[in-house]
Amino acid sequence: IRLSGYAGMVAKPRSTHTTRVVLQALADGHTYGRQIIEATGLYSGTVYPILNRLERIGWVVGEAEDIDPVAAGRPARRFYELTDEGRSHLPPPTS
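Residues numbered from 1 in each chain as written. Predicted model: local features only at pLDDT ≥ 70, side-chain atom pairs only at ≥ 80, totals over all residues. Heavy atoms only, no water.

A word on the side chain of Glu65
Inference 1: Position of Glu65 among the secondary structure elements: in the loop between β3 (60-64) and α4 (69-72).
Inference 2: Ignoring any residue separated from it by four or fewer positions in sequence, one finds Glu65 in contact with Arg74, Pro75, Ala76, Arg77 and Phe79. (Helix = DSSP H or I, 4+ residues; strand = E, 2+ residues; numbered from the N terminus. Contact = heavy atoms within 4.5 Å.)

Comments concerning the nonpolar core
Inference 1: Of all hydrophobic cores here, the largest spans 15 residues; its most connected members are Val22, Leu26, Ile36, Val47, Leu51, Leu54 and Val60.
Inference 2: Among the secondary structure elements, those contributing two or more residues to this core are α1 (17-27), α2 (33-40), α3 (44-57) and β4 (78-82).
Inference 3: If we skip the residues at most four places from it in the chain, Ile36 touches Val22, Ala25, Leu26, His30, Val47 and Leu51. (Core = buried A, V, L, I, M, F, W, Y, C linked by side-chain atoms within 4.5 Å. Buried < 20%, exposed > 50% of the residue type's maximum accessible area, 1.4 Å probe, protein only.)

Digging into the packing of α1 against α3
Packed helix pairs are specified by the crossing angle of their axes together with the interaxial distance, meaning the distance between the axes.
Inference 1: Remark: α1 packs on α3, axes separated minimally by 10 Å, with the N-to-C direction vectors making an angle of 80°. Relative to α3, the element α1 is oriented roughly perpendicular. On α3, the residues that touch Thr18, Thr19, Val22, Leu23 and Leu26 of α1 are Ile50, Leu51 and Leu54. (Axes fitted to C-alpha atoms, helices over the stretch in contact; angles between N-to-C directions. Parallel < 35°, antiparallel > 145°, perpendicular 65-115°, else oblique.)

Points about the pattern of salt bridges
Inference 1: The final tally for this structure, using the stated rule, is two salt bridges.
Inference 2: A salt bridge links Glu55 to Arg78; its shortest N-O distance comes to 2.7 Å. In this pair, Glu55 is assigned in helix α3 and Arg78 in strand β4, connecting sequence segments 23 residues apart.
Inference 3: Judged by its relative accessible area of 24%, Glu55 is partly exposed.
Inference 4: Put simply, Glu65 and Arg74 hold a salt bridge, and the shortest N to O gap is 2.8 Å. (Salt bridge = Lys/Arg side-chain N within 4 Å of Asp/Glu carboxyl O.)

Remarks on the environment of Pro93
Inference 1: Within the element layout of this structure, Pro93 appears in the segment after α5 (84-87).
Inference 2: Considered as a pair, Pro93 and Gln24 are 69 residues apart in the sequence and their alpha carbons are 9.9 Å apart.

Purely geometric numbers; function is a separate question.
Below, the structure written as C-alpha cells:
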C-alpha cells in the first residue's frame, strides 16, 4: 500500500502486488506474521510494514495475544483479521 496525496489531504491507499499477496494470505487463514511470511515467501521486513499500514488504514484489525511471554517462552503474537474494507481489495479468484 502506498499512500498518495499531499500534506493536509486524506491519503488514499493504493494496492500493490505484495499488499494483495498479504491480503490473500490473511483470507486463506494465516493470522499472524510468521504464518504470513511462511505462506507468502516474503521477508519480515516486507510483511510487517504492510500489516502495520493495513491496520492503520482499516483494512485489517490486529490484536495482541494475551499471554505471559516468559511462561510461553516467546513474545506475544499479534493476530490480524481482514475487515470488510480489506476483503473488498482481495485479488479476484483465479480459475
